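# Architecture at a glance
Chain by chain, the residues:
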Amino acid sequence: MGNNKEIDEIVSDLLYIKNAISKNSNIFKFISLNEILRRVYLIGAIIIIGFSGIFYYFIERHGGYSEIPANNKLLLYALIFAATVMVAFLKITSIMQAAKKINRNITLLKLFEEIYTTQFVLVVLPYLLVSILLPVFLKQNGLNHMLVPFLAIFIGLMCTSLVTVFYLRELIFLGGWLIIMGLLSLLGVIVLHPLLLTMLIFGLGFILLYIASYFASASEKEC
């Protein structure tokens, strides 16, 4: 009886410590995000490569973007929107399931608070503003062909900055890939149609991210 009582006390203490940690620390320290988001990386790569390839096909077939029938463009954009919503839903539900194992009382609102922290906002906001204003600037100056390389560089820098926010080591690989490929494109080493460049830089980048997540997960288990 005495041993059972001691075991119950130990279990109770461990549960108390677990709950205290989950309430007072960033929950992403205690869940393996690289394993959870692995499917999202792969699906993201398929979406980027797939839709970029389809748009490129239509442009080549009709002789330009403006020549693509409006119904086809509307359908493609609707499918892109639906795919984006699907990926976002998959990501949130997967993270929520993992978070529930750490803290059964966590809510969706609390999870968003864990994600969109002050640190996250301070890191992302400058890159977000540049990503919004940059296309306008490039279009006004007739530099649309530079949009993909510049976005690759800025998003790559953002990815490397977010490594310490979400504890995702594989973001280093994606960030490095985007920055290097963006610079090579700007310097004229890689010259491709913007859609093909999107497939190469972002599509292949997400495939590399998917592969890197396995190495990051193995490294965490060794630690």
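All values reported here derive from a predicted model rather than from experimental measurement.

### Structural notes on the overall build of the protein
Helices and strands together make up the secondary structure of the protein, namely 9 helices and 0 strands. The buried share among the 223 residues of the protein stands at 35%. Accessible area for the protein stands at about 13700 Å²; split by element, carbon and sulfur atoms hold 69% of it.

### Remarks on the packing of helix H4 (residues 70–102) against helix H5 (residues 108–115)
Contact geometry of H4 with H5 gives a least axis separation of 11 Å together with a crossing angle of 100°. On the basis of their axis angle, the class for H4 and H5 is roughly perpendicular. Judged by residue contacts, Ile 92, Ile 95, Met 96 and Ala 99 of H4 engage Leu 108, Leu 111, Phe 112 and Ile 115 from H5.

### Some details on helix H7 (residues 147–166)
For H7, which comprises 20 residues, the first-to-last C-alpha distance of 27 Å matches the rise-based estimate of 28 Å (1.5 Å per residue) to within 8%. Its maximal kink placed at Thr 160, H7 deviates by approximately 25°. Of the positions making up H7, those classed as buried are Val 148, Pro 149, Ala 152, Ile 153, Gly 156, Met 158, Cys 159, Leu 162, Val 163, Val 165 and Phe 166. Positive phi shows up at Tyr 167, right after H7, with a value of about 60°.

### Thoughts on the side chain of Ser 213
Here Ser 213 lies in helix H9 (residues 194–222). Of the polar contacts made by the side chain of Ser 213, one reaches the side chain of Arg 38; its length is 2.9 Å. Beyond its immediate chain neighbours, meaning those up to four positions away, Ser 213 contacts Asn 34, Arg 38, Tyr 41 and Glu 170.

How each quantity is defined
- Within each chain, residue numbers correspond to sequence positions counted from 1 in written order.
- Totals for whole chains, interfaces and linings use all residues, but because this is a predicted model, local features are given only for residues with pLDDT of at least 70 and pairs of side-chain atoms are given and counted only at 80 or more.
- Water and hydrogen atoms were dropped before computing side-chain values, which therefore reflect all heavy atoms in the structure.
- Each helix is a run of H or I in the DSSP string that is no shorter than four residues. Each strand is a run of E no shorter than two, and both are numbered from the N terminus.
- Categorising residues by exposure relies on relative accessible area from a 1.4 Å probe, with only protein chains included: less than 20% of the type maximum marks a residue as buried, more than 50% marks it as exposed, and the intermediate range marks it as partly exposed.
- Note on areas: Shrake-Rupley with a 1.4 Å probe; residue coverage comes only from the protein chains shown.
- Each axis is a line fitted through C-alpha atoms, taken for helices only over the stretch in contact, and angles between the N-to-C directions span 0 to 180 degrees.
- Each angle gets one of four labels, with under 35 degrees taken as roughly parallel, over 145 as roughly antiparallel, 65 to 115 as roughly perpendicular, and the rest as oblique.
- In this analysis, two residues are considered to be in contact whenever any of their non-hydrogen atoms come within 4.5 Å of each other.
- How far a helix is expected to stretch is found by multiplying one less than its residue total by 1.5 Å.
- Two axes enter the bend calculation: one fitted to the seven residues ending at the residue in question, the other to the seven starting there, and the bend is the angle between them.
- Residues adjacent in sequence count toward polar contacts only when both atoms are side-chain atoms; beyond that, a polar contact is any pair of N or O atoms within 3.5 Å, and within protein one must be able to donate a hydrogen and the other to accept it.

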